[in-house]
Amino acid sequence: MEEQTPMGAGGLPAIDLQPEVSLAERAYEQLEQLILTKALPGGSTVVEGRLAKQLDILRTPMREAILRLAAEGLLIKQGSRSFAVRKVQPVEFFQALKLRELIEAEAVELAIGKIPHKDIEALRQEIIRLGQRDVQETAHWEIDDRLHMLFPEALGNVVMVRVLKNLRISTRLFELSSAAGRVQSDATEHLAILDAFEKGDARRARAAMVTHLRNVAAETLDIVSGRDPGGLKRRNLK
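I will try to describe carefully the structure that is included in this document. Note that the coordinates shown come from a computational prediction; the quantities given were computed from them, not determined experimentally.

**Focus: helix α8 (residues 183-198)**
Note that an α-helix has 3.6 residues per turn; residues three or four places apart therefore point the same way.
In step 1: The end-to-end C-alpha distance of α8, which contains 16 residues, comes to 22 Å, matching closely the 22 Å that a straight helix rising 1.5 Å per residue would cover.
In step 2: Looking at α8, one finds that the buried residues are Val183, Asp186, Ala187, Glu189, His190, Leu191, Ile193, Leu194, Ala196 and Phe197.
In step 3: Contacts made by the buried residues of α8 are with α4 (90-110), α5 (117-131), α6 (138-155) and α9 (202-224).
In step 4: Note on α8: the residue one or two positions beyond its end, Gly200, has a positive phi of about 75°.

**A word on the pairing of strand β2 (residues 75-78)**
In step 1: In this sheet, strand β3 (residues 82-85) lies alongside β2 in antiparallel orientation, the contact comprising four bridges. When the bridges of β3 are listed, Leu75 appears paired with Val85.
In step 2: Hairpin connection from β2 to β3: three residues lie between these consecutive antiparallel strands, with Gly79 at a positive phi of about 80°.

**Digging into α9**
In step 1: Over its 23 residues, α9 extends 33 Å from the first C-alpha to the last, a length consistent with the 33 Å expected when each residue adds 1.5 Å.
In step 2: Residues of α9 that are buried include every one of Ala205, Ala208, Met209, Val210, His212, Leu213, Val216, Ala217, Thr220 and Ile223, and no others.
In step 3: Where α9 ends, the next residue or the one after it, Gly226, has phi of about 90°, a positive value.

Conventions used here
Residues numbered from 1 in each chain as written. Predicted model: local features only at pLDDT ≥ 70, side-chain atom pairs only at ≥ 80, totals over all residues. Heavy atoms only, no water. Helix = DSSP H or I, 4+ residues; strand = E, 2+ residues; numbered from the N terminus. Expected span 1.5 Å × (residues − 1). Buried < 20%, exposed > 50% of the residue type's maximum accessible area, 1.4 Å probe, protein only. Contact = heavy atoms within 4.5 Å. Pairing = 2+ DSSP bridges.

As structure tokens, then:
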């Protein structure tokens with residue numbers, strides 16, 4: 001029997017859009033990584049055709065990825081048809097970090113008892129493994145994302161998750177916010193958060209989260225103010 005062609009609306013042959021959707025998603029993920037890992041630093045012009053060729057992706061899905069990243073605040077319109085990576089100034093970085101402190105301290109306390117032990121343990125082992133390395137890698141950013149989003153996501157609060165993701169974009173895009181100079185410090189502070197969380201100690205878990213974010217702010221302020229000129233070099237290690 002001859003195989004029938006699936007029909008769409010109006011009796012026309014149905015069109016499978018999945019390949020293009022997948023390409024758009026791949027373009028989005030790859031371009032997002034280039035931005036968040038500073039391969040495309042703040043202020044860089046995003047050229048659709050050049051990126052499509054570099055990532056071996058058609059221009060249409062690349063255009064969709066660019067528009068999506070612009071809607072999410074990673075890219076800004078530059079002129080009538082081009083875009084650039086959003087450049088975050090120090091004042092925005094510190095304001096975003098302060099709001100993160102308030103939200104994440106609340107989230108880690110409220111999430112106690114809502115996350116399986118195996119998930120915490122898997123994250124702990126990965127933090128320990130990466131904490132032994134000398135310089136920042138993409139994996140460090142991924143672990144940072146997992147830890148900081150773990151608690152608000154466990155609460156099922158979609159508004160909190162959305163707000164926190166936007167705040168994390170601001171802190172990630174800031175040029176001095178790389179964890180390259182504090183790989184071991186991040187690991188130690190992240191483990192302190194998990195230890196208190198696992199023990200159900202809400203007060204200590206909240207304090208550990210606040211301490212961690214304030215340490216990031218303090219070190220960044222030292223660099224911005226010139227009190228720690230060596231910090232910039234440490235943070236630019238790749």
